[in-house]
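Observations on the model geometry
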Amino acid sequence: MAGFVAASKPESASREARMAWVLDLLEQQLHHHSGGPFAAAVFAGEALAPLAVGLNRVEATCCSHAHAEMVALAAAEQRVGSYSLAGASCQLVTSCEPCAMCFGAIPWSGVVSLVCGAASEDARAIGFDEGARHPQWQQQLAQRGVAVQTGVHRDRARMLMARYAAAGGTIYNGMAGSAVPARMPA
Ligand SMILES: [Zn+2]
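Read on for an overview of the structure. All values derive from a computational prediction rather than experimental measurement.

Each value, and the rule that gives it
Residues numbered from 1 in each chain as written. Predicted model: local features only at pLDDT ≥ 70, side-chain atom pairs only at ≥ 80, totals over all residues. Heavy atoms only, no water. Helix = DSSP H or I, 4+ residues; strand = E, 2+ residues; numbered from the N terminus. Expected span 1.5 Å × (residues − 1). Buried < 20%, exposed > 50% of the residue type's maximum accessible area, 1.4 Å probe, protein only. Arc of directions from axis to C-beta. Contact = heavy atoms within 4.5 Å. Pairing = 2+ DSSP bridges. Axes fitted to C-alpha atoms, helices over the stretch in contact; angles between N-to-C directions.

Comments concerning helix α4 (residues 68-80)
The end-to-end C-alpha distance of α4 is 18 Å, a good match for the 18 Å that 13 residues give at a rise of 1.5 Å each. Those residues of α4 not exposed but buried are Ala 68, Glu 69, Ala 72, Leu 73, Ala 76 and Glu 77. Burial along α4 is one-sided: seen end-on, the buried residues are contained in an arc of 155°. Along its buried surface, α4 packs onto β1 (39-44), β2 (49-55), β3 (91-96) and α5 (100-109). Backbone geometry just after α4 places Gly 81 at a positive phi near 75°.

Here it is as structure tokens:
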């Protein structure tokens, strides 16, 4: 995955190109069976150059909050050396609308815009739980200074999630228990 990131970048400055790049990254994830069907990236500055990427790592890392958006935001914050991206004019591009947890994390990160591919209902359609997110979530983010754009390359993002499910990828839902029994520390 690092090779993909190092060897490529979005071909143009459009949000569609940034989303296409994130979905290319997601295709790599699915090809390598390295995690859930979600990818994200943070782009920074006036040129919105790639700053950090994140892939869903919930199952691989035994971590319920290792969603692609959380991984990408943490990597971006570490890269700029601050808990806030507010000074870096950052945009979060995510292959699917944020779940309740990621929605909550977005304002804390200091990003100023959010671009989403698939809709939450697309994730729910294959069995993922998106959590108790407010129906007016887009307006709430806008009120906190985060501009939201949804449905960018939605069909491709949805198709990739469906491919993951059809291939037998784990549909993890913490509240419903795990396919893998939890180990109690000795
Ligand atoms: Zn999430």
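Things to note about the sheet that holds β2
Within the open sheet, the 5 strands sit side by side as β2-β1-β3-β4-β5. Their pairing is mixed. Strands at the two margins of the open sheet, each flanked by one partner only, are β2 and β5 (147-149). On average, each strand axis in the sheet is tilted by 15° relative to the strand beside it, whichever way the strands run. Pairing analysis gives 4 bridges linking β1 to β3, with the strands arranged antiparallel. Counted as the bridge partner of Phe 43 is Gln 91 from β3. Strands in contact with helix α8 (residues 154-166) are β3 and β4 (113-118); relative to β4, the strand with the most contacts, it is inclined by about 60°.

These results come straight from atomic positions and should not be treated as a statement about function.
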